[in-house]
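Residue strings, one per chain:
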Amino acid sequence: MTYRLGIDVGGTNTDAVLLDEEDQVISKAKSPTTDDVTSGILDVLAKVLADKAIDRSMIKHAMLGTTHCTNAIVERKRLSRVAVIRIGYPATVAVKPLTGWPEDLKQATGNEIFVIGGGHEFDGRRIGELDREALRSIARRVRGRVDAVAVTAVFSPVNPEDELEAARILKEELGDTPISLSHEIGSIGLLERENATVLNAAVVGVAKATATAFSEALRREGIDARAYFGQNDGTLMSVDYAVRYPILTIACGPTNSIRGAAFLSNQRDALVVDVGGTTTDVGVLVNRFPRESSVAVEIGGVRTNFRMPDLVSIGLGGGSIVRQRNGQVTIGPDSVGHRIQHEAIVFGGTTLTATDVAVAAGHVGIGDRRRVSGLDPGLVRQTQGAMVRMVEDAIDRMKTSPEPVPAVLVGGGSILLPDRLQGVLEVLRPAHYEVANAIGAAIAQVSGQIERVFSLDAISREEAVRQAADMAREEAVRAGADPAAVEVVEVDDVPLAYLPGNATRIRVKAAGDLAR
Amino acid sequence: MRQLHAQDIEDIAVGAALLGTGGGGDPHVGKLMALQAIEESGPVDLVDVSEVPDEGLIVPLAMMGAPTVLVEKVPNGEEFPRVFEALKNYLGKPVFATMPIEAGGVNSMIPLASAAKLRIPVIDADGMGRAFPELQMVTFHLAGASATPMVMTDEKGNLVLFSTISNHWTEALARSATVVMGGSAMIAIYPLTGRQVKDAAIGGIVTLAQRIGEAIRRSRIESRDPLAAVLEVTGGLRLFKGKIVDVSRKTAGGFVRGEALFEGIDDYRGKTLRLQFQNENLIAVSNGRVLASVPDLITVLDAETAKPVTTETLKYGYRAIVIGIPCNARWRTPKGIETVGPRYFGYDIDYVPIEERVSREWAKGGEPA
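Everything numeric in this text was worked out from a predicted model, so none of it was measured.

1. Let's talk about the overall build of chain A
For step 1, the next point in the chain: Counting secondary structure elements, chain A contains 13 helices and 23 strands.
For step 2, the next point in the chain: Relative to its length of 516 residues, chain A is compact, with a C-alpha radius of gyration of 24 Å against a globular reference of 24 Å.
For step 3, the next point in the chain: When burial is assessed residue by residue, chain A has 57% of its 516 residues classed as buried.
For step 4, the next point in the chain: Partitioning the contacts of chain A with sequence separation of at least 6, the portion at a separation of at least 24 is 65%.
For step 5, the next point in the chain: Surface exposure of chain A reaches about 20900 Å², of which carbon and sulfur atoms provide 49%.
For step 6, the next point in the chain: With 57 positive and 67 negative side-chain charges, chain A shows a separation of 3 Å between the mean positions of the two kinds.

2. Considerations on the overall build of chain B
For step 1, the next point in the chain: Looking only at helices and strands, chain B features 13 helices and 19 strands.
For step 2, the next point in the chain: Relative to a compact globule of 369 residues, whose C-alpha radius of gyration would be 21 Å, chain B shows 20 Å and is just as compact.
For step 3, the next point in the chain: With respect to the three principal axes, the spread of C-alpha positions in chain B is 65 × 45 × 40 Å.
For step 4, the next point in the chain: Residue pairs at least 24 apart in sequence account for 72% of intrachain contacts in chain B once pairs closer than 6 positions are excluded.
For step 5, the next point in the chain: Roughly 13900 Å² of accessible area belongs to chain B as shown, and the carbon and sulfur atoms make up 52% of that amount.
For step 6, the next point in the chain: For chain B, the distance from the average site of its 38 positive side-chain charges to the average site of its 44 negative ones is 3 Å.

3. Things to note about the interface of chain A and chain B
For step 1, the next point in the chain: At the junction of the two partners, chain A supplies 35 residues and chain B supplies 29 residues.
For step 2, the next point in the chain: Of the roughly 2500 Å² buried between chain A and chain B, counting both surfaces, carbon and sulfur atoms make up 51%.
For step 3, the next point in the chain: Three residues, A:Ala94, A:Asp396 and A:Arg397, lead the burial of chain A against chain B; their summed loss comes to 21% of the area buried on that side.
For step 4, the next point in the chain: The interface formed by chain A and chain B contains seven salt bridges.
For step 5, the next point in the chain: Of the charged contacts in the structure, one is a salt bridge between A:Asp393 and B:Arg319, with a shortest N-O distance of 3.3 Å.
For step 6, the next point in the chain: Across the contact surface, chain A and chain B share 22 residue pairs in polar contact (both at pLDDT 80 or more).
For step 7, the next point in the chain: For the side of chain A that touches chain B, the secondary structure elements donating two or more residues are α6 (190-220) and α11 (377-398) of chain A.
For step 8, the next point in the chain: Counting residues per element, the side of chain A that touches chain B draws most heavily on α6(A), which supplies four residues.
For step 9, the next point in the chain: In terms of residue class, the side of chain A that touches chain B is built from 17 nonpolar, six polar and twelve charged.

4. Overview of the sheet that holds strand β6 (residues 112-117) of chain A
Residues and elements named next belong to chain A.
For step 1, the next point in the chain: Across the sheet, four strands lie side by side as β6-β5-β7-β8; this open sheet has parallel pairing. The open sheet has two edge strands with one neighbour each: β6 and β8 (179-181). On average, each strand axis in the sheet is tilted by 20° relative to the strand beside it, whichever way the strands run.
For step 2, the next point in the chain: As defined by bridge partners, strand β5 (residues 82-89) adjoins strand β7 (residues 148-153) across six bridges and the pair is classed as parallel. Of the residues in β7, the one forming a bridge with Val 82 is Ala 148.
For step 3, the next point in the chain: Where helix α5 (residues 161-174) meets the sheet, its contacts fall on β5, β7 and β8, and the angle it forms with β7 comes to roughly 155°.
For step 4, the next point in the chain: Together, β5, β7 and β8 form the strand contacts of α6, whose direction differs from that of β7 by roughly 165°.

5. What about the packing of helix α1 (residues 38-48) of chain A against α6(A)?
Residues and elements named next belong to chain A.
For step 1, the next point in the chain: Contact geometry for α1 and α6: axes closest at 11 Å, N-to-C directions at 25°. Classed by the angle they form, the pair α1 and α6 counts as roughly parallel. Between α1 and α6 lies a crossing of right-handed hand. Judged by residue contacts, Thr 38, Leu 42 and Leu 45 of α1 engage Ala 213, Ala 217, Leu 218 and Arg 220 from α6.
For step 2, the next point in the chain: Counted by class, the contact of α1 with α6 contains five nonpolar, one polar and one charged residues.

6. Observations concerning a nonpolar patch on the surface
All names here are of chain B.
For step 1, the next point in the chain: Together, Tyr 90, Leu 91, Leu 159 and Leu 161 make up an exposed nonpolar region whose accessible area comes to about 320 Å².
For step 2, the next point in the chain: Those elements that provide at least two residues to the nonpolar patch are α4 (79-91) and β8 (159-162).
For step 3, the next point in the chain: Mapping Leu 159 onto the fold places it in strand β8.

7. Description of the side chain of A:Asp274
Residues and elements named next belong to chain A.
For step 1, the next point in the chain: You can see Asp 274 is positioned in strand β11 (residues 270-275).
For step 2, the next point in the chain: Buried Asp 274, no salt bridge; nearest opposite-charge side chain is Lys 30, N-O distance 7.8 Å.
For step 3, the next point in the chain: Polar side-chain contacts of Asp 274 include one of 2.7 Å to the side chain of Ser 257.
For step 4, the next point in the chain: Leave out the neighbours within four places in its chain, and Asp 274 touches Ser 257, Thr 279, Thr 280, Asp 281, Val 410 and Gly 411.

8. What to know about helix α4 (residues 132-142) of chain A
Residues and elements named next belong to chain A.
For step 1, the next point in the chain: Residues Ala 134, Leu 135, Ile 138, Ala 139 and Val 142 constitute the buried set of α4. What you see down the axis of α4 is that its buried residues fit within an arc of 140°, all on one side.
For step 2, the next point in the chain: On its buried side, α4 packs onto β5, β6 and α5.

9. Observations regarding the packing of helix α9 (residues 205-221) of chain B against helix α10 (residues 226-234) of chain B
Residues and elements named next belong to chain B.
For step 1, the next point in the chain: Look at α9 against α10: their axes get within 8 Å of each other, and the N-to-C directions meet at 160°. Taken together, the axis directions place α9 and α10 in an arrangement best described as roughly antiparallel. Both α9 and α10 take part in a crossing whose hand is right-handed. Only Pro 226, Ala 229, Val 230, Val 233 and Thr 234 of α10 make contact with α9, whose side of the interface consists of Leu 208, Arg 211, Ile 212, Ala 215, Ile 216 and Ser 219.
For step 2, the next point in the chain: The class makeup of the residues in the contact of α9 with α10 is eight nonpolar, two polar and one charged.

10. Here's the deal with the packing of aromatic side chains
For step 1, the next point in the chain: As enumerated under the stated definition, the model contains six aromatic pairs over all chains in all.
For step 2, the next point in the chain: Aromatic pair B:Phe132 and B:Trp331: ring centres 5.4 Å apart, planes at 80°, arrangement edge-to-face. In this pair, B:Phe132 is assigned in the loop between β6 (125-126) and α6 (139-142) and B:Trp331 in the loop between β19 (319-325) and α11 (334-340), connecting sequence segments 199 residues apart.
For step 3, the next point in the chain: Relative to B:Phe345, the ring of B:Tyr344 has its centre 5.8 Å away and its plane inclined at 80°; by these criteria the two rings are edge-to-face.
For step 4, the next point in the chain: Of the residues examined, B:Tyr344 reaches a relative accessible area of 39% and is grouped as partly exposed.
For step 5, the next point in the chain: Residue B:Phe345 is classed as buried on the basis of its relative accessible area of 8%.
For step 6, the next point in the chain: Three or more aromatic residues joined by ring pairs make a cluster, and in this case those are B:Phe240, B:Tyr268 and B:Trp362.
For step 7, the next point in the chain: One residue, A:Arg259, lies across the ring of A:Phe289, its end atom 4.2 Å from the ring centre.

11. Examining the pairing of strand β3 (residues 25-32) of chain A
Residue and element names in this part refer to chain A.
For step 1, the next point in the chain: Relative to β3, strand β2 (residues 13-19) runs antiparallel, the two sharing seven bridges. Looking at the pairing, Thr 14 lines up with Ser 31 of β3.
For step 2, the next point in the chain: The loop that links β2 with its antiparallel partner β3 comprises five residues; one of these, Asp 23, has a positive phi angle of about 60°.

12. With respect to the domain arrangement of chain A
For step 1, the next point in the chain: Each assigned domain of chain A is listed with its residue range as follows: domain 1 (79-199), domain 2 (267-433) and domain 3 (445-512).
For step 2, the next point in the chain: For domain 1 of chain A and domain 3 of chain A, the distance between their C-alpha centroids amounts to 26 Å.

13. Description of the environment of A:Asp393
For step 1, the next point in the chain: Looking at the element boundaries, A:Asp393 is found in helix α11.
For step 2, the next point in the chain: For A:Asp393 and A:Ser215, which are 178 residues apart along the polypeptide, the C-alpha to C-alpha distance reads 42 Å.

14. Brief notes about the pattern of salt bridges
For step 1, the next point in the chain: The full count for this structure, using the stated rule, is 59 salt bridges over all chains.
For step 2, the next point in the chain: As a salt-bridge pair, A:Arg126 and A:Glu129 come within 3.8 Å of each other at their nearest N and O atoms.
For step 3, the next point in the chain: Overall, A:Glu129 belongs to the exposed group, its relative accessible area being 57%.
For step 4, the next point in the chain: Here B:Asp350 makes a salt bridge to B:Arg343, at a shortest N to O gap of 2.5 Å.
For step 5, the next point in the chain: For B:Arg343, a relative accessible area of 45% translates into the label partly exposed.
For step 6, the next point in the chain: Through salt bridges with shared partners, a single network forms among A:Arg132, A:Arg136, A:Arg143, A:Glu165, A:Arg168, A:Glu172 and A:Glu173.

Definitions and cut-offs
Residues numbered from 1 in each chain as written. Chains lettered and ligands numbered in written order. Predicted model: local features only at pLDDT ≥ 70, side-chain atom pairs only at ≥ 80, totals over all residues. Heavy atoms only, no water. Helix = DSSP H or I, 4+ residues; strand = E, 2+ residues; numbered from the N terminus. Rg over C-alpha atoms; globule rule 2.2 N^0.38 Å. Buried < 20%, exposed > 50% of the residue type's maximum accessible area, 1.4 Å probe, protein only. Contact = heavy atoms within 4.5 Å. Areas by Shrake-Rupley, 256 points an atom, 1.4 Å probe, with all protein chains shown as cover. Lys, Arg positive; Asp, Glu negative; His and termini not counted. Charge placed at Lys NZ, Arg CZ, Asp CG, Glu CD. Buried area = accessible area lost by both parts, 1.4 Å probe. Salt bridge = Lys/Arg side-chain N within 4 Å of Asp/Glu carboxyl O. Polar contact = N/O pair within 3.5 Å; in protein donor to acceptor, adjacent residues only side chain to side chain. Nonpolar A, V, L, I, M, F, W, Y, C, P; charged D, E, K, R; others polar. Pairing = 2+ DSSP bridges. Axes fitted to C-alpha atoms, helices over the stretch in contact; angles between N-to-C directions. Parallel < 35°, antiparallel > 145°, perpendicular 65-115°, else oblique. Left-handed = near helix turned anticlockwise from the far one by under 90°. Patch = residues over 30% accessible without salt bridge, like charges linked within 9 Å, V, L, I, M, F, W, Y side chains within 5 Å. Arc of directions from axis to C-beta. Phe/Tyr/Trp six-rings, centres within 6.5 Å; stacked < 30°, edge-to-face > 60°. Lys NZ or Arg CZ within 6 Å of the ring centre and 35° of its normal. Domains from an automatic or database assignment.

In structure tokens form, the structure reads like this:
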């Protein structure tokens with residue numbers, strides 16, 4: 001019997017699960033998330049493996065969904081110094097790189113900015129020749145002064161040629177310095193794609209350190225497993241890939257919850273309500289994957305064009321502080337977080353939390369109920385009503401039609417919510433709901449992605465998609481997927497108008513379960 | 001005359017999105033261009049229409065082409081001096097000032113960026129008082145002004161001067177030149193004299209945009225009702241508060257046509273509102289009764305923040321307040337209604353000013369008079 005280990009670092013708790021080959025939960029654990037994140041991972045690892053009967057040598061895969069990179073950006077700590085190179089002059093300099101960035105983040109990433117000639121038009125023609133000499137002189141200038149390079153060329157999602165050539169030249173000059181290329185990270189929208197690419201380069205160092213620490217932690221626990229990182233779209237990246245594209249891990253938390261909820265409840269299309277210690281996220285499951293947001297997402301005060309899970313986040317969690325002012329009840333948005341074990345009234349503390357109210361109302365049987373027996377029944381009723389309305393309101397915002405749909409409730413705080421919610425067909429509370437995010441990490445599939453320009457004069461579109469799909473499947477298998485189970489999950493083709501030979505850019509993503 | 005600094009630009013961008021009535025393109029890239037120009041060259045002088053010399057040459061500036069290209073291939077900045085230099089040589093006199101052709105959307109910002117860079121004034125006026133999709137939909141056209149001589153340039157340095165026999169030819173020639181230049185180009189269009197600006201432009205519109213943005217920003221800081229502030233500044237009327245229960249869109253004739261159905265909440269419970277749009281919001285109908293129509297402005301605001309939202313943002317479940325703002329009186333003339341009235345956009349209704357359609361009771365959520 002082999003096992004898979006899933007770990008998810010949340011805002012309040014770090015959760016871990018151990019699954020067997022039949023996806024049965026063998027062991028699960030929760031531990032407070034720590035400031036350095038890594039020690040919280042070590043704690044939860046020790047807890048989930050506490051049972052001596054578990055044969056650690058049989059743990060073959062370990063998946064980590066972590067906030068290391070997000071935290072580094074938000075806190076401006078441990079960021080790499082980045083040489084920011086934009087290719088597109090004479091276009092684009094009316095808005096220089098890093099415009100609109102918070103000053104402290106600019107300083108933290110070194111503020112080394114260059115704009116050079118090259119890049120393409122929307123139809124694939126050149127704006128100008130790539131300025132190779134400028135690239136070499138930039139490389140000489142920044143050698144030893146930066147830890148990473150971010151390269152963004154105008155219309156590189158249509159034609160990545162200049163970014164690839166720039167990477168080749170920079171590698172000659174700078175050796176192993178990590179290079180992030182924008183066409184591998186974002187889509188059309190120069191400034192947002194460039195921002196994402198610079199952020200990616202800035203967290204390469206953090207990602208490497210995290211990967212090393214995770215492998216080290218596993219080794220110390222006597223685990224010899226292949227390690228993976230969870231990414232925004234709910235699939236896994238090998239550690240090698242994650243240290244090149246760490247920015248793709250930035251929203252894996254909500255994605256893991258939604259995927260875990262889908263797995264535990266066996267639903268393909270549903271709403272997922274994840275109630276944590278501080279916030280509640282409502283997301284939408286479409287064909288077992290999270291629905292993606294269409295609007296620009298800000299990370300650490302910087303606008304990007306990432307596709308993130310479409311979520312409504314509200315300040316309601318198990319630790320949300322309840323206050324009464326002039327007869328009006330307010331809930332959150334501040335929370336006692338994981339200190340709930342000491343500060344909530346039912347646990348002997350003095351702060352009135354959402355959990356205390358749920359216990360007083362008789363919905364939840366945790367802690368010492370007698371300690372809240374004196375609460376004003378009016379306050380309890382009012383608070384309960386307000387909590388339910390907050391969630392119903394968030395649910396309604398996420399629905400695409402007025403028809404009631406099933407809602408899957410997960411997360412430790414979901415015990416606060418009743419079994420009936422307006423606009424919801426059926427409230428589902430699957431087993432292991434409290435560690436759904438770690439389960440989402442553990443059951444995640446591996447994916448492979450390919451992006452190529454095909455000439456549709458030579459072959460049909462169907463044939464081109466078929467060839468691209470084959471390559472994407474091979475990529476997924478190389479990353480560890482079971483060849484028999486790999487499916488194409490996404491096909492995207494963009495015709496490149498006015499190019500000779502009827503050129504079309506085709507992108508295919510394939511995903512499948514891990515080979516056992 | 002007064003000066004515009006970075007915070008003023010931020011406020012104007014929010015106001016421009018509101019005056020964009022759901023369309024006009026996201027002001028974001030234009031705002032960043034203006035902010036960078038101010039950081040490098042200092043604040044912008046904004047002059048009142050009354051301060052413009054009668055014989056001064058005033059040249060409105062705008063971007064033409066696909067917004068998706070503009071967000072990828074951002075301009076260089078040297079386009080500004082180049083177009084003005086070319087017009088100066090052609091017309092034999094220097095450019096006194098620039099101004100926005102439309103106060104709504106991304107084109108509200110381009111003249112501000114150019115003015116900062118070239119240290120010329122911006123006139124507190126535009127030719128629409130809002131955003132419209134076509135070249136002749138400007139008050140200068142109503143007054144008989146020609147769009148040409150018009151100059152178009154790209155970031156590479158190519159420049160074309162158009163001298164045409166009609167505004168129809170200008171549109172056709174300029175569209176194909178834009179594609180050759182890479183899908184997005186800068187234009188200087190409708191060169192006017194100071195006298196023509198005084199007679200035909202909509203004055204005070206940049207200041208209005210700024211006051212709208214400022215009102216929304218300040219109400220958030222001071223925890224006041226942002227909607228009341230917006231209505232006070234714009235002289236607008238509340239048309240509806242509701243939740244979107246249906247949105248449909250289809251592409252027809254190169255435009256996105258669509259409609260959103262709102263179900264009333266709070267004061268408007270039990271009523272519905274149907275909002276029809278084509279790039280911009282055009283008609284608002286409640287239970288069979290027209291509440292407002294183009295050229296009056298119809299804008300959708302976020303129910304909580306009162307920030308304006310574009311038509312792409314409209315989706316099921318979104319809670320919003322719909323407001324209407326009286327358009328400039330020049331659009332209410334027979335030629336104005338012919339150029340931008342509901343029938344021009346294909347709706348078989350007469351234009352009736354919003355103040356006559358909407359009673360004060362309705363705006364408060366009561367029954368229509």
